[in-house]
Amino acid sequence: MEDQMEGAEKGEVSNASNLTNVSSSGVREESFSGVVRGVISVIEAIGSFGDYRRTQKKECFNLVRRIKLLLPLLEELNELDGAIPDGALACLRNLKKAFGSAKKLLRVCHDGSKVFLALEGEAIKGRFQAVYDKLNQALNGMPYEELGIADEVKEQVELMRMQLKRAKRRTETQDIELAMDLMVVLSKEDDRNADSAILERLANKLELHTIPDLKTETVAVRKLVKDRSGQNMESTQQIINLLTKFKQIAGFDEISSVFLSAPKSLERCPSLIIPHEFLCPITLEIMTDPVIVASGQTYERESIQKWLESNHRTCPKTRQPLAHLCLAPNFALRNLILQWCEKNNFELPKKDARANVVSFSTEHEEEISLLVRNLSSSQLDAQKNAVMKIRLLCKENPEDRIMIANAGGIAPLVQLLYYPDSNMQEHAVTALLNLSLDEANKRLIAREGAIPAIIEVLQNGNPEARENSAACLFSLSMLDDVKVTIGSWNGIPPLVDLLQNGTVRGKKDAATALFNLSLNQANKGRAIKAGIVKPLLMLLRDRNLGMVDEALSIFLLLVAHPEGRIVIGQLSFVETLVDFIKCGTPKNKECAISVLLELGLHNSSCLLAALQFGVYEHLVEVSRSGTNRGQRKANSLLQHMSKCEQIP
């Protein structure tokens, strides 16, 4: 279909050229100037959006700034007279399409659901990369010389293209604490950590802590659910649940509305009339092409394909992992549905025939199969080339992550971690990191025995391999059983070493992984024995690293462990906490108060020491003017201190 569209566009350019030759250039110039004005109008519309959601704000402003760099080029094009080269018109039309994609993305980041944008951060980042690619491709081949474009304008456009290319490289996590808080809140276990304090901090980060904000978010979520039409039910439910929790914290007692509207087929025919087994469990629509998945459950083909193409490898109804992704037509059920429809004079909804077209091209599948085979090649160059390409493929494309795993790519990548070449190890562990972004791949990677191999690279690899190993362990440790595996394979000591001696990015990767692993009680003890307190204190003292909140968040987990309280509850540490309560940022203050409160609940001498260090007046100040969470924690701490002072 895309080829046909491209052919049609080329035909339009050719026809315009013929018209110019036969009559005059007026038709051609009008078409060109119209496209130019159309592109400029899109830029003006983009400029009117104003602010963006906090989670994507930096990326949005960067995209808008880069787009505006093209205005001088468009202004020159708008003033051109005479014949216009075919290549210029083709480039401009592609540019208009790219700007259209950018506008849609920016609108989502402007008024879309804040919870959705936070949860789907990686997918949104992928959409930004797709826009960058479209912009680059559109500008590739622009005939500057033939158009007489000024050199300084050409240089500005090329500068913008270089910025787009750099933007495709790996970026730092913009908000590690946001990612960690989301992970804790969405965790199905360890409810103790998903307390109102973390929820409140998350609500503040997403700017969903006031009644007007929550009402606006509710409208945005309703629109999202309507647009999804029953798809992505798992993430939709997560969004609704999290929004409900935010409402409870804010005292928003309005009962959550029913987000999911009735399916169209149920409007035409009440659900009691349609047999329940005829309805797809995902859309609740009557099935026209029922298929059976590996778990034995039946779904509408189009619905389950969308589920699988969205990086899911589980059965939506039973949540059990699927042994394979093959879909078997359920002819028996289809015949029953057809018989029932004929008997009840019910017309099945018509489906687009293209919905059944397999999204993965045969050629691409063959390319990936060849790359996976080359991972085990006896030719070193073939192995290196394969692992580098796989690393890039699974970084950019979620579908490729599924295809590479289905082709058996995980096992040979794990074997390459033991290869006595630091660069090979780096490419292999980074490929596994990228593959682990798919939830189902996490478990496959762990089953292949990757954990001890990744830990070995973490201990002995080159700097980038060590950093990516830490990031990979963080990703895999989203699974609770993997947290235990990493701890039992002694993966925490090398993470502590990276936290102490790594680069800034290495420290951040290690901190994120250690936070996640420390959600497990046994791992808290392992981290303390590995000496985590010393490097955490270093992060507190070196404020230029910008990791104070991360360090305090880990301390808050560790003080819940008896051994942690013994090691942490020294007078010098209490004095450090008091110092942050005195002169830290609002977030520093609330984190430090939370840690001191947890210490004080088990050891009153810590509270008495804090009083001697002059914490009282600063707690009173935070209780009056701090963040919501800071005020609550400060008041609680003041109450406990009052009780301690009364003890004879």
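On a predicted model such as this, the values are computed, not experimentally measured, just so you know. (Residues numbered from 1 in each chain as written. Predicted model: local features only at pLDDT ≥ 70, side-chain atom pairs only at ≥ 80, totals over all residues. Heavy atoms only, no water.)

1. Here's the deal with the environment of M547
Here M547 is to be found in the loop between α29 (533-541) and α30 (548-558). A relative accessible area of 0% means that M547 is categorised as buried. Separated by 40 residues in the primary sequence, M547 and K507 place their C-alpha atoms 8.9 Å from one another. (Helix = DSSP H or I, 4+ residues; strand = E, 2+ residues; numbered from the N terminus. Buried < 20%, exposed > 50% of the residue type's maximum accessible area, 1.4 Å probe, protein only.)

2. Here's the deal with the sheet that holds strand β2 (residues 298-300)
A sheet is described by the order of its strands in space; here three strands give the open sequence β2-β1-β3, paired in antiparallel fashion. Only two strands of the sheet have a single partner each, and these edge strands are β2 and β3 (328-329). With two bridges connecting them, strand β1 (residues 290-292) and β3 associate as antiparallel partners. In the strand pairing of β3, V291 is matched with P329. In the packing of helix α15 (residues 301-309) onto the sheet, contacts are made with β1, β2 and β3, and the angle to β2 comes to roughly 95°. (Pairing = 2+ DSSP bridges. Contact = heavy atoms within 4.5 Å. Axes fitted to C-alpha atoms, helices over the stretch in contact; angles between N-to-C directions.)

3. Let's talk about the packing of aromatic side chains
To describe a pair of aromatic rings, you give the distance between the ring centres and the angle between the ring planes. The tally for this structure, following the rule as stated, stands at four aromatic pairs. Summarising the aromatic geometry, the rings of F49 and Y52 are spaced 6.5 Å apart at their centres and angled 85° between planes, so their arrangement reads as edge-to-face. We note that F49, like Y52, is buried. Between Y52 and F61 the ring centres are 5.5 Å apart and the planes differ by 85°, which places this aromatic pair in the edge-to-face class. Accessibility expressed as a relative area gives 38% for F61, which makes it partly exposed. Taken together, the ring pairs in this structure connect F49, Y52 and F61 into an aromatic cluster. (Phe/Tyr/Trp six-rings, centres within 6.5 Å; stacked < 30°, edge-to-face > 60°.)

4. Quick notes on the state of the cysteines
What the rule picks out here adds up to zero disulfides. Free of any disulfide, C60 has its nearest cysteine sulfur in C109, 3.7 Å distant. (Disulfide = S-S within 2.5 Å.)

5. A short note on the packing of helix α24 (residues 463-476) against helix α26 (residues 492-501)
The contact between α24 and α26 brings their axes to 11 Å, and the two run at 125°. In this view, α24 runs oblique relative to α26, as classed from their interaxial angle. Helix-helix and strand crossings are classified by hand; for α24 and α26 the assignment is left-handed. In this structure, α24 uses R466, E467, A470 and L473 to contact α26, whose residues at the interface are P494, L495, D497 and L498. In terms of residue class, the contact of α24 with α26 is built from five nonpolar, no polar and three charged. (Parallel < 35°, antiparallel > 145°, perpendicular 65-115°, else oblique. Left-handed = near helix turned anticlockwise from the far one by under 90°. Nonpolar A, V, L, I, M, F, W, Y, C, P; charged D, E, K, R; others polar.)

6. Quick notes on the pattern of salt bridges
Pairing between side chains of opposite charge can happen when the charged atoms of each approach one another. Counted according to the given criterion, the structure contains eleven salt bridges. Close ionic contact of R466 with D497 constitutes a salt bridge, the shortest N to O distance being 2.9 Å. Linking R466 in helix α24 with D497 in helix α26, this pair joins segments that are 31 residues apart in sequence. Judged by relative accessible area, D497 falls into the partly exposed class, the value being 34%. Residues joined by salt bridges that share partners form a network here, namely R391, E426 and E464. (Salt bridge = Lys/Arg side-chain N within 4 Å of Asp/Glu carboxyl O.)

7. With respect to the side chain of K483
In this fold, K483 is placed in helix α25 (residues 480-488). Side-chain polar atoms of K483 contact the side chain of D480, separated by 2.8 Å. (Polar contact = N/O pair within 3.5 Å; in protein donor to acceptor, adjacent residues only side chain to side chain.)

8. Concerning helix α22 (residues 439-447)
Taken together, the buried positions of α22 are occupied by A440, N441, K442 and I445. Residues of α22 that are buried sit in contact with α19 (398-406), α20 (410-416), α21 (422-435), α23 (450-460) and α24. Where α22 starts, the residue carrying a side-chain oxygen 3.1 Å from the main-chain nitrogen of A440 turns out to be D438. Two residues or fewer past α22, G449 is found with a positive phi of approximately 75°.

9. A few points about the environment of L71
Along the chain, the position of L71 falls in helix α4 (residues 71-78). A relative accessible area of 25% means that L71 is categorised as partly exposed. In the structure, L71 is positioned 28 residues away from I43 in sequence and 8.3 Å away in space, judged by C-alpha atoms.

10. As for the confidence of the model for the chain
With 84% of its residues at a pLDDT of 70 or more, the chain shows a mean pLDDT of 79. Counted against residues more than four places away or in other chains, residues 189-194, with its pLDDT under 50, gives twelve contacts. The low-confidence segment residues 352-360, where pLDDT is below 50, has eleven contacts with residues more than four positions distant or belonging to other chains. (pLDDT = per-residue confidence, 0-100.)

11. Describing unusual backbone geometry
The phi dihedral of E207 falls on the positive side, at around 55°, and the residue is not glycine. Structurally, E207 is set in the loop between α11 (196-205) and α12 (211-228). Residue classification places E207 among the partly exposed residues on the basis of a relative accessible area of 35%. Phi is positive for N490, which is not a glycine, with a value near 65°.

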